[in-house]
Structure formats: structure tokens, C-alpha cells
Amino acid sequence: QVTLHAGAELDARQVNQYTLILRAACPGEDEVEGRLFVRVTAGHVLRCDSPFASAEGDVVQVLADVAPRTPLYAVLPQPVGGLTVMGQGFLSPSFLQFRLRNHNTPLMLTRRGLVLAPDNGFDPCKDIQTFRLEIEVMDRHGHNCSGAVKVEVLPSRRPCITFPEPHRAVTVTEGIGPWEVVTQVHARGDNVRYAILAPVAPELFIIDEVTGEIRSTRRLEMTRAHLLIRAYNALHPGVHATATVNITVQGTDRQAPRCVPAIFVSQVSEIMSPGSTLVTLRCSDSTSTDGCLHYALEGPPSSLSYFCMEGPQLKVNTTLDYDSEAMAALGFQLTATIVVTVGGQAQQSTRVPVLVTVTPVNEFRPACPNGATFTVPETAAFGSVVGRVAGTDSDYPPDSLEYGLEGGSGPAQPFSIDRRTGEIRVVGPLDSQRQKNYRLVVRVTDMHNDLDLKKRQSRLCDVSVHLQAVPDQLPVCIPEVQELRITAGSPGSRQPVTRLVCHSSPDSAALTYTIVGGNEDGRFRLEGNTLVYLPSDRASPRPFVLLVEVWGGSGGRRRSRVVALVVHVTPRSTPVPTSTTTQHTTLQKEPLVVMQTEAVWHPPAWFVAVLTISGALLLATLGCVARNLLCR
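Bear in mind that the values here come from a model prediction, so they are computed numbers and not experimental data. (Residues numbered from 1 in each chain as written. Predicted model: local features only at pLDDT ≥ 70, side-chain atom pairs only at ≥ 80, totals over all residues. Heavy atoms only, no water.)

Tracing the backbone shows Thr248 in strand β18 (residues 240-250). Within polar-contact distance, the side chain of Thr248 engages the side chain of Arg224 at 3.3 Å. (Helix = DSSP H or I, 4+ residues; strand = E, 2+ residues; numbered from the N terminus. Polar contact = N/O pair within 3.5 Å; in protein donor to acceptor, adjacent residues only side chain to side chain.)

In C-alpha cells:
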């Protein structure tokens, strides 16, 4: 099967026929050759020029002060365009369809392939603006091509005017007199002048055309004004910019009550009982008596439930439980607003913000975990985790506990505890034959549960640790008997012979190796589990029978096994191969040493004392009997 390459472009005007030479052969047969002729005929093909059809697209640069709807680029089969129609005949742009793929641009594309400037033109005072248009072109036969145009809009060369703050809102109180400054606007540019475009009437404000200060023309009362300000170049009035200024004149309530304190911030303990008074407001009004003042609470419902008002007194409504989840969700801060009104009229009111911070009190002792019993193998390594003491505390925060081991760590108590997490770790040797169980006393102390750091509470917790016995086994070596042949090296050198492969149970137990026989002249030594030969200048062909004892286990339960090594050493002068290759052979005859088992018994001290006394009494009794016999 012959296919056309994916990136191939055929052009019948340049090459209208291709000759392909094909060769085929089967296994064991001669090769056969054939020819395939591919003829290319002219057809309707739509291609876009390389600048327009490239990945970057064609680039057009225009100034920002071009008129609206000015043609910027033409996607047409003309010298200025970005399209070429290849094939038989010529297609007019009226038979082409142009479609804009991306619509996030203010530029416009006409049906005849013209890219136009926006209806409102470009902002002449902005920096360089870049717009990218992705355009697809299709003819009436369905052939299409696509490309891109990047339009770079350059800033205008003429001076411009801009407002850093085009929209501004100003609030003032009533009572401002005539010609007082209300606010000021500022525009960037050269020879800037200011003018108010709207409103024309009533004329409540005027603007200084040089400084931009906006002043009142009369005494202001409650009103709202929306001013449209124009800034322009005095030498080029056509260069201008506009901004809006919203002015709100608020009325002053001369009858609002005055309260002391104007804001209430306090810190109270969580054990403050309901009904306690937090603050008593002292409010007065110039035109009313205190009997006409009304007090109410506003604020989030989650905080309001903790307060209540009784006249001018703010009181605690319910328990301030610092240890509850609801209090933690509030950040231990309660907020509210006391609204004081005259005769119940909202327009004559005063607001007193309230912020109360609840502080903790250490009320409860820590609690011990249930069933704190752990099991650890007696072969556990140093630093191994035995378990975790998880104490609890009803005070907030619940995890602020500190742990300590009574009596500390030592030979009688080979454990330690992490003061933050409560993890118990092994810090000494363990032997189930000497002691199978340990009783640890852990002190759990609460921290950061009271403002006074000295007010801490603690509890002693019993923890049991049971040692799990792990039986020791003899070391296992593979093979137990080896026959080796080596050629002696130069005197003074170090010549490795073999490496013993042994292991013990448990695998973590360390093994030691010792030559116990056959090394009378000291020609061999052990470096770990590697046997090394030390050549001499008077070496003679001879075999060495070495006995290596491998020890494993720990403490008083160490076990050993003996490995036999038969090493044949050939001097260098002997006509044998110079290779020092070591041959490993397992002997088929009886091994020199089969096994050696050593039993060790360590009696307790009391048993030795009793045995000694019993022996002495027995000897004294035998002496008395012998004397009586001799006397008779």
C-alpha cells in the first residue's frame, strides 16, 4: 500500500508525474523490481501565503489615532493581501468566505476579507496594544486555508490627556459654606484645563480650570450630584478626556445620643456566670431624657446568643464555654453592636461596637488511655517504637499534652518517651530471660490551657511492656566445607581467597568470624567474612586445612558453627596457570568437623550459695563418720 506523505504538497505545474521503483523478494527467491507511475493533475487548491499562514501570522502596525472603521489589513488575492489562489482559473473574493475564529477582539472582519478598526477607534493614550485575529478562508468547493494577523497599535505621537481616576465618589456632610473646596480632580498631560460638562443647572459646584478644585456655590444641604468633568489641552482642545465625580451630601443628626464608652473591648474568663454584667452604658441626649432611650443588640447570630441587654446593661446570657467547638469556630471572640435610639427612631441612633475575648481556664485533669499495654520483641533495635501513649484532655486545645517517664531511662528501665507525641522507644538492651515485663509510669501534663502558664494539671498513667522472646538459632553457612586452589602472589601482598556466606536468625544479629585451627604459621587472616592469604618468599606447595568458627546470637545465648576450608597453595615458580582464579568445590568425603555445640548454664547466686553450704555440711558429716569408724 502506497500512501501520500502527510506533509507533502503537490503542484501539477511543477511536477505532474512521479516514477516509483518498487522492489520485493521472498525468502530464498530472487528480487523482483517493478515501477509505479503517479500522475498529478491540476485541480482547485486554496493556499495562503507564508506570512499569513505561518504560526506567528502576519504583522501589521498602525497608530492609535487612526479613524474608526479604517481598513487595516486585506485578506485578498492582491499584492497587499495574504492569500494566493492556486489551480485552474482564478477565484474572485466574492466566491470566498471569511470567518473569524476568535471573537475576543474589538477589530472587525468584513465579508470581503477586510480587517477594520473598531467603531470607536483606539485609545490614543495607551501603551502598545496587540490584537490577534485568526481567520479561516473557504471557497465554494469546500477548500479552505487559515492564517493569523497580529495588529500592533502604537501610541499616538500627539500629546494626550488621561485621568488616573476616571470615576470618583465623594461624601461630605451638610453645612459646607459657599466657595469651600469639596474635592479635587487631576489629569495627566500638557497644558491641562478643566471644565464641568454636566449638569448645567442647578449650578451647585464650580471647578477651577487650572487646579481642578471643585467648590460649592452655596451652603450645601442633603443632596446627590453627578458631575461630568472634561480635561483638555489648552493648545489642542481636540485632545481631551472625561471623568465622573459623584458627590453625596449627608445630613447631620443633631439629636443622636452620646454614649460612654463609645466602643467596648474587654477580655473575660470562660467561667463567668450567666447574668454577669459586662458594661453599663451612660448615654444622654440634648433634647430627650434617659427614659426615652432604647437599647438593642445587632450582629451575627452566633455571637448574639451569648449577650442580652437589660436597659443600658450588657450582660452574659449563657455559659462562655471556651472548650466548645462553637466558641472555637468564632475564634474565641464575640462581636455585637449596641444600637441606642431616641424614641425608637432609627435616624436618631448611636451604635456602640462590642468586642469580647473569652480566655481559657484549666478546669480538667488529663485522662489516661484505656489498656496501655504493648508487646515488643526482645531483639528490637535501639530507637524502635514500642507504642504511643495517647492521653486526652477536655480543655481546649485537646492536643496540648506533655509526656514524661517517671524514674527516667536506665538499665532497669530501657525505654524513653517523646515529650510531645507520647511515643515510647527502646533505648537499651532487652532480654526476656532476665525480665519479661516492665511497668512504666508516665506523667501526662496539660499545657497552654490557662492564661497563667503555672496552672497546670497532670496525671500518672500505668503502661505495661511485655517482651516477646525470640529463639536464637545456629548460624547457617553455605557451604560448610570448601576446597579452594590459589596461586601464591608476590611476598608482602594481600590476596583474597574466598568470602564466607553465613546468616543467623534473627537476621539483624551480627556474626563474628574467628580462625580456630590450621593457621599455625599465620598465613591467613579474616577481614570480616573474607579470608585473606598473606604470601611469603618461601612458599611451598601444600594444603592448608582451616577451621573457622562463626558466632551468632546475643547476650548469653550466643551460638557458633565451624566451617572447614581446604586451601591448596601453589607457589609462583610452579608451572601452573598464572591466574589467581579461585575454584570452589564441595568435598564428597566426610567433613573434617561436623558441628560443635556449646551449652552454657548460668545458675543464680542463691543456688550457688545453697550448693556450697550443702557441700560443706556433707564433708563435715563424712568426716565425723570416718572418725567414729577409726575409733572403733
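Feature annotation in UniProt assigns "transmembrane region" (unreviewed entry) to the following positions: residues 605-630. Helix and strand shares over residues 605-630 are 100% and 0% respectively, and the end C-alpha atoms of the span are 38 Å apart. (UniProt positions renumbered as here; feature names shortened; annotations may be inferred.)

Take the side chain of Asn449 next. Checked against the element boundaries, Asn449 lands in the loop between β33 (437-446) and β34 (458-468). What makes Asn449 buried here is its relative accessible area of 2%. At 3.0 Å, the side chain of Asn449 forms a polar contact with the backbone oxygen of Tyr396. Excluding anything up to four places from it in sequence, Asn449 contacts Pro360, Val361, Asn362, Asp393, Asp395, Tyr396, Pro397 and Ser400. (Buried < 20%, exposed > 50% of the residue type's maximum accessible area, 1.4 Å probe, protein only. Contact = heavy atoms within 4.5 Å.)

As for its position among the elements, Asp321 is in the loop between β25 (313-316) and α3 (325-329). Along the sequence, Asp321 and Ser269 sit 52 residues apart, while their C-alpha atoms lie 9.3 Å from each other. In this structure Asp321 touches Glu270 and Met327, once residues within four positions along its chain are discounted.

Right, let's talk about the sheet that holds strand β40 (residues 524-527) for a bit. Read across the open sheet, the three strands follow the order β37-β41-β40; overall the sheet is antiparallel. One side of each edge strand has no neighbouring strand; the edge strands of this open sheet are β37 (495-499) and β40. Here the strands of the sheet are splayed against their neighbours by 30° on average, with no regard to which way each runs. (Pairing = 2+ DSSP bridges. Axes fitted to C-alpha atoms, helices over the stretch in contact; angles between N-to-C directions.)

Summed over all chains, the structure comprises two cavities of 30 Å³ or more. Quantified by volume, the second largest cavity comes out at close to 30 Å³. In terms of lining residues, the second largest cavity is bounded by Asn362, Asp446, Met447, His448, Asn449, Asp450, Asp452, Leu453, Lys455 and Arg456. Looking at the lining of the second largest cavity, its residues break down into two nonpolar, three polar and five charged. (1 Å grid on protein atoms, 1.4 Å probe; cavity = no way out; pocket = protein on both sides within 12 Å on 5 of 7 lines; lining within 4 Å. Points joined across faces, edges and corners; volume = space filled by probe spheres on them. Nonpolar A, V, L, I, M, F, W, Y, C, P; charged D, E, K, R; others polar.)

Inspection of every chain in the model, using the stated rule, returns 18 salt bridges. The salt bridge partner of Glu136 is Arg99, with a shortest N-O separation of 2.3 Å. Taken as a pair, Glu136 in strand β10 (residues 129-138) and Arg99 in strand β7 (residues 97-100) lie far apart in primary sequence, 37 residues in all. The class for Arg99 is partly exposed, based on a relative accessible area of 46%. Between Asp462 and Arg439 there is a salt bridge, with the nearest N and O atoms lying 2.9 Å from each other. Of this pair, Asp462 sits in strand β34 while Arg439 is found in strand β33, placing the two residues 23 residues apart along the sequence. Sharing partners across several salt bridges, the network here consists of Arg23, Glu31 and Glu33. (Salt bridge = Lys/Arg side-chain N within 4 Å of Asp/Glu carboxyl O.)

Take the environment of Phe524 next. Following the sequence through the fold, Phe524 ends up in strand β40. Overall, Phe524 belongs to the buried group, its relative accessible area being 3%. Once residues within four sequence positions are removed from consideration, Phe524 is found in contact with Val497, Ile515, Asn519, Leu531, Val532, Tyr533, Phe544, Leu546, Val567 and Val569.

For the structure shown, the criterion picks out three disulfides. The disulfide partner of Cys259 is Cys283, and the gap between their sulfur atoms is 2.1 Å. Measuring handedness by torsion sign, the sulfur bridge of Cys259 and Cys283 sits at about 115° and is right-handed. Here Cys259 is found in strand β19 (residues 258-260), whereas its partner Cys283 is found in strand β22 (residues 282-284), with 24 residues between them in sequence. No difference in accessibility class separates Cys259 from Cys283, as the two residues are buried. For Cys477, the disulfide goes to Cys502, at an S-S distance of 2.0 Å. Its S-S torsion of approximately 110° makes the covalent link between Cys477 and Cys502 right-handed. Remark: Cys502 occurs in strand β38 (residues 502-503) and Cys477 occurs in strand β35 (residues 476-477); sequence separation between them is 25 residues. Judged by relative accessible area, which is 15%, Cys502 ranks as buried. (Disulfide = S-S within 2.5 Å.)

In total, this model carries nine aromatic pairs according to the counting rule given. Arranged with centres 4.1 Å apart and planes meeting at 15°, the rings of Tyr322 and Phe332 form a pair that is stacked. In this pair, Tyr322 sits in the loop between β25 and α3 while Phe332 sits in the loop between α3 and β26 (333-342), placing the two residues ten residues apart along the sequence. In terms of burial, Tyr322 and Phe332 fall into one category: buried. Site record: aromatic cluster; members linked through ring pairs are Tyr322, Phe332 and Tyr396. (Phe/Tyr/Trp six-rings, centres within 6.5 Å; stacked < 30°, edge-to-face > 60°.)

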